[in-house]
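# Descriptive structure summary
Residues per chain are reported as follows:
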Amino acid sequence: MANSSSKQGANKDNDNETPSPPHQVYLNGDQVYTCSGCHTHLAKNDDIISKGFQGRHGRAYLLKTVYNISLGPKEDRVLMTGLHSVADINCIVCQSVVGWIYIYAFEDSQKYKEGKYIVEKAKISKESFWVQRI
């Protein structure tokens with residue numbers, strides 16, 4: 001017989017309790033970029049720095065901020081512009097890898113990317129909202 005106290009985070013009164021869903025940030029704005037798998041809000045149009053980047057699956061955007069993500073482990077990757085330390089970024093709801101964050105750039109000309117995010121166009125959807133202006 002298994003000891004219920006060995007279950008991490010188990011409720012002693014109710015072992016059938018399901019974990020609570022992750023806290024999500026809902027973004028306001030005319031255009032919001034969402035995870036193409038589950039439509040979790042990831043970024044606002046104003047967060048885009050450049051649309052001229054390349055990801056693993058085609059075109060990608062460089063963003064200053066991305067919401068509702070978790071980070072994978074840090075790793076060094078040789079990308080088109082040289083060696084970088086990066087970590088994959090995952091949607092917090094469906095865990096799909098939607099891009100990566102630049103942690104460290106080894107070349108001085110690439111330092112501007114540090115702390116910025118790449119989000120792959122193939123992994124996101126753009127949702128436009130009608131905003132009534134009064």
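Everything in this summary refers to the structure shown in the same document. Residue positions within a chain follow its written sequence, with the count starting from 1. Side-chain atom pairs in this predicted model are given and counted only at pLDDT of 80 or more, local residue features only at pLDDT of at least 70, and totals for whole chains, interfaces and linings cover all residues. Side-chain metrics rest on all non-hydrogen atoms present in the structure, leaving aside hydrogens and water.

## Here's the deal with the sheet that holds strand S9 (residues 124-128)
A sheet is described by the order of its strands in space; here 3 strands give the open sequence S2-S1-S9, paired in antiparallel fashion. Two strands bound the open sheet, and with one partner strand each, they are strand S2 (41-44) and S9. Here the strands of the sheet are splayed against their neighbours by 30° on average, with no regard to which way each runs. Relative to S9, strand S1 (residues 31-35) is paired through 5 bridges, and the arrangement is antiparallel. By the bridge assignment, Cys 35 is partnered in S9 with Ile 124. A pair of strands counts as paired when DSSP detects no fewer than two bridges linking them. In this text, helices come from DSSP runs of H or I with a minimum length of four residues, and strands from runs of E with a minimum of two, each type numbered from the N-terminal end. Only the stretch in contact is used when fitting a helix axis, every axis being a line fitted to C-alpha atoms; angles between N-to-C directions are given from 0 to 180 degrees.

## Overview of the side chain of Lys 113
With respect to the helices and strands, the residue Lys 113 is situated in the loop between strand S7 (97-105) and strand S8 (117-120). For each residue, the accessible area found with a 1.4 Å probe, counting protein chains only, is set against the maximum for its type, and the residue is called buried under 20%, exposed over 50%, and partly exposed in between. The positive count covers Lys and Arg only, the negative count covers Asp and Glu only, and His and the chain ends enter neither. A pair is scored as a salt bridge if a Lys or Arg side-chain nitrogen falls within 4 Å of a carboxyl oxygen belonging to Asp or Glu. There is no salt bridge for the buried Lys 113, and the closest opposite charge comes from Glu 107, which lies 9.0 Å off by N-O distance. Each polar contact in these results corresponds to two N or O atoms within 3.5 Å; when the atoms are within protein, one needs to be able to donate a hydrogen and the other to accept it, and residues that are neighboring in sequence are counted only if both atoms are side-chain atoms. Here the side chain of Lys 113 touches Gln 110 through a polar contact of 2.6 Å, side chain to side chain. It only takes one pair of heavy atoms within 4.5 Å for two residues to be counted as in contact. Setting aside residues no more than four positions away along its own chain, Lys 113 makes contact with Phe 53, Thr 81, His 84 and Tyr 102.

## Describing the nonpolar core
Most often, soluble globular proteins keep nonpolar side chains buried together rather than apart. Counting 16 residues, the largest nonpolar core has Leu 63, Val 66 and Ile 89 as the members making the most contacts within it. Elements with a minimum of two residues in this core: S1, S2, strand S4 (58-63), strand S6 (82-91), S7 and S8. For this core, the element with the highest residue contribution is S6, accounting for 3 residues. Residues contacting Val 66, with those up to four places away along its chain left out, are Leu 42, Ile 89, Tyr 117 and Val 119. The definition of a nonpolar core used throughout is a set of buried Ala, Val, Leu, Ile, Met, Phe, Trp, Tyr and Cys residues joined through side-chain atoms within 4.5 Å.

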